[in-house]
Amino acid sequence: MKRFFKFDQHHTSYRRETVAGITTFLTMAYIIIVNPAILEAAGIPRGPSTTATIVAAVFGTVMMALYANRPFAIAPYMSENAFIAFTVVKVLGYTWQTALGAVFVAGILFTVLTVFKVRSWLAEAIPLSLKCAFAVGIGLFLTFIGLNETGLVTLGVPGAPVKMGNIASPSVLLAVFGYLLTVFLMTRRIRGAIVIGIVATTVLSIACGVTPMPKEFVSLPPDPTPIVGQLSIANALDFRFFPVVLTIFIMAFLDTVGTLIGLSMRADLLDEAGNLPEIEKPMLADALATTVAPLLGTTTTGAYIESAAGIEEGGRTGFTALVVAGLFLLSLFFSPLFTIVPPHAYGIALIVIGSFMVEPIKRIDFDDFTELVPAFLTIVLMIFTYNIGVGMSTGLLTYPLLKAAAGRGREVSAGMWVLALLAMSLFIFFPKM
Ligand SMILES: Nc1nc2[nH]cnc2c(=O)[nH]1
């Protein structure tokens with residue numbers, strides 16, 4: 001087993017990988033509740049949707065573990081479920097069956113492009129400054145999500161979109177306690193600091209009566225058959241639906257590429273040229289997960305930014321992903337237990353991870369405007385539009401344009417121009433709200 005997962009090459013151990021897997025799982029377990037809750041707005045029934053969410057995560061993450069041997073977890077994307085529920089179904093008026101058809105078409109397209117190595121060719125065309133910006137932007141985006149989940153930052157007033165939360169409320173105080181505990185443990189270099197922080201905060205929260213004790217610990221998974229195989233591929237292929245299919249495709253395409261590169265940078269898995277060796281493998285795991293998810297009755301599924309939590313705990317191989325998949329599988333039967341972890345407990349991990357993920361900012365050339373500006377726009381738009389795809393698209397579009405404007409167009413590779421075109425089409429076709 002150790003040889004299969006190449007533990008020696010990655011200087012890792014069962015203990016470290018297991019702690020990493022538990023950490024990543026606890027950081028992303030919210031998806032078991034949140035994904036079905038969001039998709040209910042699209043009309044997908046919550047019970048079957050919970051089972052579909054878990055099974056999609058297990059499928060993708062097992063592929064990532066056993067085929068790609070990378071410490072990345074896979075689950076349905078939050079940016080995409082919201083886009084599908086609120087924009088495609090609620091605003092544009094399509095059925096969820098048609099929307100899932102679009103996800104399936106995008107998944108097939110991903111798979112074909114991955115098999116023909118087009119995706120890895122494009123990923124390798126991205127310059128180092130943008131790759132660093134992806135990692136930094138994702139880190140700060142995670143922090144922003146964490147600050148919001150813990151209640152430290154809340155929705156603002158007109159003219160000031162965010163404001164400080166109520167720091168006297170018990171849940172916010174618990175989050176502050178959990179955060180300080182976690183960073184203290186990290187300063188003392190204690191492995192598992194993030195898990196300890198999450199679990200200690202959850203236990204204290206239950207003890208203080210802020211989080212209710214679950215009424216039961218074991219439950220049978222809801223029957224998913226009402227939504228399995230209900231997607232409508234024929235409707236999704238209607239040419240009037242093309243902008244939606246393209247948007248789903250581009251958003252997921254850029255998100256996955258950026259996430260894989262950003263996480264790999266943090267895990268020190270990139271080679272000297274800044275590329276991830278055998279990147280086709282995690283990409284194929286991700287592409288197949290996106291293809292299978294709509295068949296199960298859920299939305300675009302891909303490599304999760306929360307995997308950064310396990311990477312911080314030292315997770316380097318597919319064994320970390322295998323632990324995550326195993327815990328997701330268990331959650332099919334123990335969901336009341338796993339889902340008690342409140343947002344003010346898992347949010348802590350997201351804030352902590354952000355502080356590590358900003359490190360590559362020092363590799364961005366601040367003295368060269370043609371490198372600095374696209375990287376800067378990537379980072380700030382990722383956070384302030386609350387959309388990884390928009391930040392990346394802006395960086396990918398402005399990079400070649402600024403190089404050309406500076407008379408340095410020759411520094412831009414062919415693949416980068418293709419990405420710029422893809423990025424531009426996101427802005428053209430992104431359905432207007
Ligand atoms: N990469 C990525 N990770 C996520 N984790 C939760 N939602 C998302 C998402 O939309 N993209």
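Residues numbered from 1 in each chain as written. Predicted model: local features only at pLDDT ≥ 70, side-chain atom pairs only at ≥ 80, totals over all residues. Heavy atoms only, no water.

Put simply, the test is: UniProt positions are given in the numbering used here, feature names are shortened, and annotations may be inferred rather than shown by experiment.
As named in an unreviewed UniProt entry, the chain is Guanine permease, taken from Geobacter pickeringii. The record held by UniProt for the chain lists under Subcellular location (unreviewed entry) the comment "Cell membrane". In its Sequence similarities (unreviewed entry) section, UniProt records this for the chain: "Belongs to the nucleobase:cation symporter-2 (NCS2) (TC 2.A.40) family. Azg-like subfamily."

## Examining helix H5 (residues 96-115)
What counts, and what does not: Runs of H or I in DSSP of at least four residues are treated as helices and runs of E of at least two as strands, each being numbered from the N terminus. To estimate how far a helix should extend, the number of its residues minus one is multiplied by 1.5 Å. To sort residues, take the accessible area from a 1.4 Å probe on protein chains only and compare it with the maximum for the residue type: under 20% means buried, over 50% means exposed, and anything in between is partly exposed.
In this model H5 runs 29 Å from its N-terminal to its C-terminal C-alpha over 20 residues, within 8% of the 28 Å that 1.5 Å per residue would give. Within H5, 14 of the 20 residues are buried, leaving the element largely enclosed by the surrounding structure. Residue Lys117 follows H5 closely and has a positive phi angle near 60°.

## Observations concerning the nonpolar core
To keep things clear, this is the line we draw: Among buried residues, those of type Ala, Val, Leu, Ile, Met, Phe, Trp, Tyr and Cys that are joined through side-chain atoms within 4.5 Å constitute a nonpolar core.
If you look at the biggest cluster of nonpolar residues, it comprises 118 residues, and the most contacted ones within it are Phe25, Phe253, Phe328, Leu396 and Leu419. One finds Ala133, Met265, Ile364 and Ile379 within the second-largest nonpolar core, a separate group that totals nine residues.

## What about the packing of helix H8 (residues 170-187) against helix H15 (residues 343-357)?
Under the convention used in this document: Every axis in this analysis is a line fitted to C-alpha atoms, fitted for helices over the stretch in contact. Angles between the N-to-C directions lie between 0 and 180 degrees. When an angle is under 35 degrees it counts as roughly parallel; over 145 it counts as roughly antiparallel; between 65 and 115 it counts as roughly perpendicular; any other value is oblique. Definitions for this section: a left-handed crossing has its near helix turned counterclockwise from the far helix by less than a right angle. A right-handed crossing has that turn clockwise. Only heavy atoms enter the contact rule, under which two residues are in contact if any of them lie within 4.5 Å. Polar here means any residue outside two lists: the nonpolar Ala, Val, Leu, Ile, Met, Phe, Trp, Tyr, Cys and Pro, and the charged Asp, Glu, Lys and Arg; Gly therefore counts as polar.
Orientation of H8 relative to H15, taken along the N-to-C sense of each, is 45°, at an axis distance of 9 Å. The angle between H8 and H15 places the two elements in the oblique class. Where H8 crosses over H15, the handedness of that crossing is right-handed. Judged by residue contacts, Ser171, Leu174, Ala175, Gly178, Tyr179, Thr182, Val183 and Met186 of H8 engage His344, Ile348, Ile351, Val352 and Phe356 from H15. For the contact of H8 with H15, the per-class residue count stands at nine nonpolar, four polar and no charged.

## A word on helix H7 (residues 128-149)
It helps to recall that an α-helix has 3.6 residues per turn; residues three or four apart then point in one direction. Helix length check: H7 (22 residues) gives 31 Å between terminal C-alpha atoms against 32 Å at 1.5 Å per residue, within 8%. Counting buried positions over the 22 residues of H7 gives 16, a clear majority of the element. Of the residues flanking the end of H7, it is Gly151, one or two places downstream, whose phi is positive at about 85°.

## Comments concerning the site of the ligand
Put simply, the rule reads: What makes a residue near a molecule or strand is one non-hydrogen atom of that residue sitting within 4 Å of it. Each polar contact in these results corresponds to two N or O atoms within 3.5 Å; when the atoms are within protein, one needs to be able to donate a hydrogen and the other to accept it, and residues that are neighboring in sequence are counted only if both atoms are side-chain atoms. Every accessible area reported is derived by Shrake-Rupley at a probe size of 1.4 Å, with residue values counting cover from the shown protein chains alone. A 1.4 Å probe that fits but cannot get out identifies a cavity on a 1 Å grid over protein atoms alone, an open set with protein on both sides within 12 Å along at least five of seven lines counts as a pocket, and a residue lines either if it has an atom within 4 Å of a point. Whether a molecule sits in a cavity or pocket is decided by its atoms, more than half of which must lie within 2 Å of the grid points.
Taken together, Tyr30, Tyr77, Met78, Ser79, Asp255, Thr259, Ala303, Tyr304, Ile305, Glu306 and Ile388 form the complete shell of residues around the ligand. Residue Thr259 places a side-chain N or O atom 3.0 Å away from a nitrogen atom belonging to the ligand. Contacts to the ligand include Glu306, whose side-chain N or O atom sits 2.8 Å from a nitrogen atom. Protein chains bury 95% of the 280 Å² of accessible surface belonging to the ligand in isolation. Cavity membership is defined here by more than half of the atoms lying within 2 Å of grid points; on that basis the ligand lies in the largest pocket. Among the residues forming the shell around the ligand, the class breakdown is seven nonpolar, two polar and two charged.

## A few points about the layout of surface pockets
The following threshold applies: Grid points are joined across faces, edges and corners, and a volume is the space filled by probe spheres set on the points.
One number sums up the size of the largest pocket: a volume of about 680 Å³. Along its surface, the largest pocket is lined by 29 residues, and Met78, Ser79, Ala82, Phe141 and Tyr386 are the ones closest to its centre. Counting residues per element, the ones that place at least two in the lining of the largest pocket are helix H2 (31-40), helix H4 (78-91), H7, helix H11 (242-266), H15 and helix H17 (388-405). Per-element tally for the lining of the largest pocket: the top contributor is H4, with five residues. In terms of residue class, the lining of the largest pocket is made up of 21 nonpolar, five polar and three charged.

## Points about the pattern of salt bridges
The condition that has to hold: Salt bridges are defined by distance alone: a side-chain nitrogen of Lys or Arg within 4 Å of a carboxyl oxygen of Asp or Glu.
Here the structure, examined in full by the defined rule, presents eleven salt bridges. The residue Asp286 makes a salt bridge to Arg119 at a minimum N-O spacing of 3.7 Å. In this pair, Asp286 sits in helix H12 (residues 280-296) while Arg119 sits in helix H6 (residues 118-125), placing the two residues 167 residues apart along the sequence. Taken individually, Asp286 and Arg119 each receive the classification buried, so the pair is uniform in this respect. Because the salt bridges share partners, they merge into one network encompassing Asp368, Glu371, Lys403, Arg408 and Glu411.

## Brief notes about the packing of aromatic side chains
The way to describe two aromatic rings as a pair is by their centre distance and the angle between their planes. Inclusion rule: Pairing of aromatic rings covers Phe, Tyr and the six-membered ring of Trp, with a centre-to-centre limit of 6.5 Å; geometry is then stacked below 30 degrees between planes, edge-to-face above 60, and tilted otherwise. Think of it as a cone above the ring: NZ of Lys or CZ of Arg counts as a charge over the ring if it is within 6 Å of the ring centre and within 35 degrees of the ring normal.
Across all of its chains, the model carries 15 aromatic pairs by this definition. Measuring from centroid to centroid gives 6.5 Å for Phe5 and Phe7, while their planes differ by 35°, and the two rings are tilted. Accessibility classification places Phe5 together with Phe7 in one group, the buried group. A connected cluster of aromatic rings, assembled from ring pairs, spans Phe4, Phe5, Phe7, Tyr14 and Phe319. In this arrangement the basic side chain of Lys281 is found over the ring face of Tyr67, its NZ or CZ atom lying 5.7 Å from the centre.

## Some details on the side chain of Asp368
Position of Asp368 among the secondary structure elements: in the loop between H15 and helix H16 (369-384). A polar contact is formed between the side chain of Asp368 and the side chain of Arg408, at a distance of 2.8 Å. Those residues in contact with Asp368, other than ones at most four positions away along the chain, are Lys403 and Arg408.

## Things to note about a nonpolar patch on the surface
As a reminder of what qualifies: What makes a patch is a set of residues exposed beyond 30% relative accessible area and free of salt bridges, joined within 9 Å when like-charged and within 5 Å when nonpolar (Val, Leu, Ile, Met, Phe, Trp, Tyr).
On the surface, a nonpolar cluster with roughly 600 Å² of combined accessible area is contributed by Met213, Phe217, Val218, Leu220, Phe333 and Leu337. Among the structural elements, Leu220 can be located in the loop between helix H9 (193-207) and helix H10 (233-236). Relative accessible area serves as the criterion here: at 72%, Leu220 is assigned to the exposed category.

## Some words on unusual backbone geometry
In this structure, His11 is a non-glycine residue whose phi angle is positive, near 50°. Locating His11 in the fold gives a position in the segment before helix H1 (14-28). Look at Asn69: it is not a glycine, yet its phi comes out positive at around 50°. Relative to the assigned elements, Asn69 resides in the loop between helix H3 (46-68) and strand S1 (74-76). With a relative accessible area of 11%, Asn69 lands in the buried category.

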